[in-house]
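# Architecture and fold: a report
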Amino acid sequence: MLCERCKIREANIQYTEVINGVRTEHNFCAQCAKEMDFGPYSAIFDSDFPLGKLLSGLLGVGESQEHEKTHQVVCPTCGTSYEEFIKNSRFGCADCYGVFDILISDNIKQLQGNDTHKGKEPRYHIPRAGDHFSAEALSGEPGTGQTGEEDQVLSGERLRILEARLKEAIAKEEYEAAAGYRDQIRSLRKEQETG
Amino acid sequence: MKWFEYVDQEHPGAISSRVRLVRNWDQYAFPSRLTQKEGLEMVRRLEQGLKDLGSFDGKQYEYAFLDELSELDRKALRERRIFNSTIASGKRPAGVILSQEEDTSIVLNGTDHIRIQLLSPGLNLEALWKQGDKLDDYVNQRFSYAFDKKYGYLTSFPTNMGTGMRASVVLHLPNLSMGKKFTGLVSEMGRFGASVKGVYGEGSENYGALFQVANQKTLGLTEKEIVDLVGRVANQLLNQERQVRAMALKKHRLECQDEAYKSYGVLKYARRLSARDAMTFLSQLMSGINDGLLETKEPCPVYRLMLGIQPANLQKLSDRPLGKEELDVARASYLRSELPDLV
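Residues numbered from 1 in each chain as written. Chains lettered and ligands numbered in written order. Predicted model: local features only at pLDDT ≥ 70, side-chain atom pairs only at ≥ 80, totals over all residues. Heavy atoms only, no water.

## As for the interface of chain A and chain B
With 52 residues of chain A at the contact, the number on the chain B side is 56 residues. The contact between chain A and chain B buries some 4,800 Å² in all, and 56% of this surface belongs to carbon and sulfur atoms. Across the contact surface, chain A and chain B share 9 salt bridges. Among the ionic pairs, Lys120(A) bridges to Asp137(B), the shortest N-O distance being 3.0 Å. On the surface where chain A and chain B come into contact, there are 24 residue pairs in polar contact (both at pLDDT 80 or more). Where the side of chain A that touches chain B is concerned, the elements lending two or more residues are helix H3 (82-88), helix H4 (94-112) and helix H5 (146-171) of chain A. Counting residues per element, the side of chain A that touches chain B draws most heavily on H4(A), at 8 residues. (Contact = heavy atoms within 4.5 Å. Buried area = accessible area lost by both parts, 1.4 Å probe. Salt bridge = Lys/Arg side-chain N within 4 Å of Asp/Glu carboxyl O. Polar contact = N/O pair within 3.5 Å; in protein donor to acceptor, adjacent residues only side chain to side chain. Helix = DSSP H or I, 4+ residues; strand = E, 2+ residues; numbered from the N terminus.)

## With respect to the pairing of strand E8 (residues 165-172) of chain B
Residue and element names in this part refer to chain B. When you tally the buried positions in E8, you get 8 out of 8 residues, the bulk of the element. The pairing of strand E1 (residues 14-23) with E8 spans 7 bridges and is antiparallel. Pairing of Arg18 across the sheet is with Ser168, part of E8. Bridge count for E8 against strand E10 (residues 210-215) is 5 bridges, and the pairing is antiparallel. Bridging from a neighbouring strand, Val170 pairs with Gln212 of E10. (Buried < 20%, exposed > 50% of the residue type's maximum accessible area, 1.4 Å probe, protein only. Pairing = 2+ DSSP bridges.)

## What to know about the nonpolar core
The tendency in soluble globular proteins is for nonpolar side chains to be buried side by side. Residue and element names in this part refer to chain B. Residues Ile106, Leu171 and Leu237 are the most contacted members of the largest nonpolar core, which totals 70 residues. Residues within four places of Leu171 in sequence aside, it is in contact with Gly13, Ala14, Ile15, Ala209, Leu210, Phe211, Val213, Ala234, Leu237 and Leu238. Judged by nonpolar contacts, the second largest core, of 43 residues, contains Ile15, Met286, Val302 and Ala332. (Core = buried A, V, L, I, M, F, W, Y, C linked by side-chain atoms within 4.5 Å.)

## As for the confidence of the model for chain B
On average, residues of chain B carry a pLDDT of 93, and 100% of them reach 70 or more. For this predicted complex, the interface confidence comes out at an ipTM of 0.86, alongside a pTM of 0.75. (pLDDT = per-residue confidence, 0-100.)

## A short note on the environment of Tyr303(B)
All names here are of chain B. With respect to the helices and strands, Tyr303 occurs in helix H9 (residues 302-308). Note on Tyr303: relative accessible area 8%, which makes it buried. Considered as a pair, Tyr303 and His172 are 131 residues apart in the sequence and their alpha carbons are 9.9 Å apart. Apart from residues no more than four positions distant in its own chain, Tyr303 is found in contact with Trp3, Phe4, Ile15, Ser16, Arg81, Leu210 and Met286.

## Some details on unusual backbone geometry
Despite not being glycine, Ser89(A) has its phi angle at roughly 35°, a positive value. If you trace the backbone, Ser89(A) turns up in the loop between H3 and H4. On the basis of relative accessible area, Ser89(A) is assigned to the partly exposed category, the value being 36%. Phi is positive for Ala209(B), which is not a glycine, with a value near 55°. Mapped onto the elements, Ala209(B) comes out in the loop between strand E9 (194-198) and E10. Of the residues examined, Ala209(B) reaches a relative accessible area of 11% and is grouped as buried.

## Looking at the layout of surface pockets
Residue and element names in this part refer to chain B. If you add up the space inside the second largest pocket, you get close to 940 Å³. Forming the boundary of the second largest pocket are 29 residues, of which Arg18, Arg78, Asn84, Lys197 and Gln212 lie nearest the centre. Those elements that provide at least two residues to the lining of the second largest pocket are E1, helix H3 (71-79), helix H4 (85-89), strand E5 (114-121), E9, E10 and H9. The class makeup of the residues in the lining of the second largest pocket is 8 nonpolar, 12 polar and 9 charged. (1 Å grid on protein atoms, 1.4 Å probe; cavity = no way out; pocket = protein on both sides within 12 Å on 5 of 7 lines; lining within 4 Å. Points joined across faces, edges and corners; volume = space filled by probe spheres on them. Nonpolar A, V, L, I, M, F, W, Y, C, P; charged D, E, K, R; others polar.)

## Overview of the pattern of salt bridges
Scanning the model with the defined rule gives 27 salt bridges over all chains in all. For Lys149(B), the salt bridge goes to Glu121(A), with nearest N and O atoms at 3.0 Å. Taken as a pair, Lys149(B) in the loop between strand E6 (147-148) and strand E7 (152-153) and Glu121(A) in the loop between H4 and H5 lie in two separate chains rather than in one. By relative accessible area, Lys149(B) is classed as exposed at 61%. The closest approach of N and O atoms between Glu102(B) and Lys2(B), which form a salt bridge, is 3.5 Å. Of the two residues, Glu102(B) sits in the loop between strand E3 (95-99) and strand E4 (104-108) while Lys2(B) sits in the segment before E1, which places them 100 residues apart along the sequence. Taking the relative accessible area as the measure of exposure, Lys2(B) reaches 28% and is therefore partly exposed.

## Observations concerning the sheet that holds E1(B)
Sheets are built from strands paired through backbone hydrogen bonds, the pairs being either parallel or antiparallel. Residue and element names in this part refer to chain B. Across the sheet, which stays open at both edges, the 8 strands sit in the order E2-E3-E4-E5-E1-E8-E10-E9 with antiparallel pairing between neighbours. The sheet is open, and its two edges are formed by strand E2 (61-65) and E9, each paired on a single side. On average, each strand axis in the sheet is inclined to that of its neighbour by 15°, with strand direction left out of account. (Axes fitted to C-alpha atoms, helices over the stretch in contact; angles between N-to-C directions.)

## Notes on helix H8 (residues 275-290) of chain B
All names here are of chain B. Given a rise of 1.5 Å per residue, 16 residues ought to cover 22 Å, and the 22 Å separating the end C-alpha atoms of H8 matches this to within 8%. Ala278, Met279, Leu282, Ser283, Leu285, Met286, Ser287 and Gly288 are the residues of H8 that are buried. Those residues of H8 that are buried are in contact with E1, E8, helix H7 (223-269), H9 and helix H11 (324-338). Immediately beyond the C-terminal end of H8, within one or two residues, lies Gly292, with a positive phi of roughly 70°. (Expected span 1.5 Å × (residues − 1).)

## Brief notes about the confidence of the model for chain A
Residue and element names in this part refer to chain A. Per-residue confidence for chain A gives a mean pLDDT of 72; residues scoring 70 or more make up 69%. Within chain A, helix H2 (residues 51-58) has the poorest average pLDDT of any element, 48, and H4 the best, 88. This stretch, residues 62-71, has a pLDDT under 50; its non-local contacts, to residues over four places away or in other chains, come to 14 contacts. Considering only residues more than four positions removed or in separate chains, one finds that residues 138-151, a stretch of pLDDT under 50, has 12 contacts.

## So, the side chain of Arg81(B)
Residues and elements named next belong to chain B. As for its placement among the helices and strands, Arg81 is situated in the loop between H3 and H4. The buried charged residue Arg81 lacks any salt bridge partner; its closest oppositely charged side chain belongs to Glu102, at an N-O distance of 10 Å. A polar side-chain atom of Arg81 sits 2.9 Å from a polar atom in the side chain of Ser16. A polar atom in the side chain of Arg81 sits 3.2 Å from the side chain of Tyr303. Non-local contacts of Arg81, meaning those with residues more than four positions away in its chain, are made with Trp3, Ser16, Arg18, Arg115, Gln117, Leu119, Val170, Gln212 and Tyr303. (Lys, Arg positive; Asp, Glu negative; His and termini not counted.)

## So, the state of the cysteines
Scanning the model with the defined rule gives 0 disulfides over all chains in all. Unpaired in this structure, Cys96(A) has its nearest cysteine sulfur neighbour in Cys78(A), at a distance of 3.5 Å. Considering cysteine sulfurs only, Cys300(B) is the nearest to Cys256(B), which forms no disulfide, with 18 Å between them. (Disulfide = S-S within 2.5 Å.)

Structure below.
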């Protein structure tokens with residue numbers, strides 16, 4: 001198939017766009033694709049990118065899809081990946097320390113000049129000590145308009161789940177499913193903006 | 001009275017001391033991983049558990065959710081060192097428990113679940129750590145902490161893990177910081193594990209010549225060792241400052257005195273003052289008072305004035321928003337009314 005733009009070179013890039021559920025397919029050659037404005041994704045045409053990366057770029061996942069072994073370590077409790085930890089240098093929960101322990105102990109030593117705690121230890125360890133302090137006891141004062149807030153939390157949560165599924169689908173090269181997730185994400189984002 | 005209104009005459013040059021401890025409740029993920037709903041729930045439970053804090057140390061506490069405070073109030077509290085920039089601008093549900101004197105505060109769901117902070121005038125780290133230790137136990141009796149034998153208190157940022165403690169002192173170093181050797185001295189302190197930073201900016205931009213000395217590391221040192229280290233470095237810098245100043249006074253006493261009086265004159269009579277000018281003159285006035293070159297009828301809390309002329313705190317005195325020019329006028333008028341008369 002010839003490139004639909006220059007009609008000279010062979011088309012080797014297929015670009016599918018779904019806007020409001022209407023699917024349009026385009027076939028371009030690499031050179032035309034590079035010249036066209038794909039917004040934030042233009043950069044990916046600058047050199048020969050692997051297909052997976054190209055798609056992830058078009059699907060709005062960003063270019064962080066590196067599948068090296070260490071980058072796959074994810075804290076089961078809070079979902080923080082090693083990659084995220086490195087990027088933000090921030091732990092997501094107490095369990096992250098155990099999960100990333102081997103990977104970070106050298107860095108910790110470099111950062112802190114030491115890797116073992118020496119100071120105070122908690123004098124009390126009463127498991128579930130704070131359980132009887134309920135949130136309800138203080139509610140009613142601030143935080144009006146609760147329901148709207150909860151809605152937002154829910155759609156935020158859904159967005160996170162969808163993004164995770166999208167990444168997974170791309171990793172497994174299930175592109176059709178990925179496109180579906182992408183559309184769902186787009187409409188959810190739109191909802192959030194307007195709603 | 002607020003803590004910064006007292007004048008510590010024993011340690012001229014040592015403006016304030018601070019001890020901060022960060023802790024996390026082991027029942028929740030760290031703040032960045034909590035949903036709005038979880039965060040709100042946790043802040044409420046923490047506030048409920050700590051609602052009798054006053055009966056523990058006899059102080060009067062105010063409890064507030066961050067979203068109940070206006071942006072101006074948050075900025076003003078940031079200038080008065082109760083919030084850091086993350087909390088002041090954060091959108092997460094967060095809470096603050098603040099003593100009337102503003103010397104004790106607990107921030108909930110900032111970068112960590114619990115951030116205990118104690119402030120005092122002068123050089124006072126040891127006493128602050130003792131206070132902080134007890135307050136920490138009080139909180140710990142109600143909420144069990146995320147703790148690990150090897151990594152100590154577990155915190156969001158690896159730069160706080162271990163003791164979760166930052167001990168810091170603010171010093172006034174107008175003479176020492178003008179010398180060429182100062183940059184070398186600062187990096188020298190780094191080798192001992194202490195950081196020295198300008199409070200109101202870096203290098204020559206640091207108007208007011210206030211510097212903060214703090215421990216760099218939080219893991220592998222005991223709290224006592226941290227307090228000793230920061231205290232030692234602070235004393236070292238203060239000693240050097242005194243020596244340089246003594247030399248200047250010996251050779252140029254009249255110039256020093258002239259400078260102090262001129263600064264007082266400008267502060268007392270100017271009709272508009274930029275933050276930069278006001279800080280520079282207040283710094284010179286502070287030196288003059290400490291050296292006994294000029295005397296005010298009542299003690300002059302220069303540090304309180306330095307906090308008072310910051311934009312948000314100044315703005316709070318006015319009943320409407322002020323532009324930059326108006327702020328300069330308000331600053332001059334604030335200083336005119338607050339500066340005590342000379343003897």
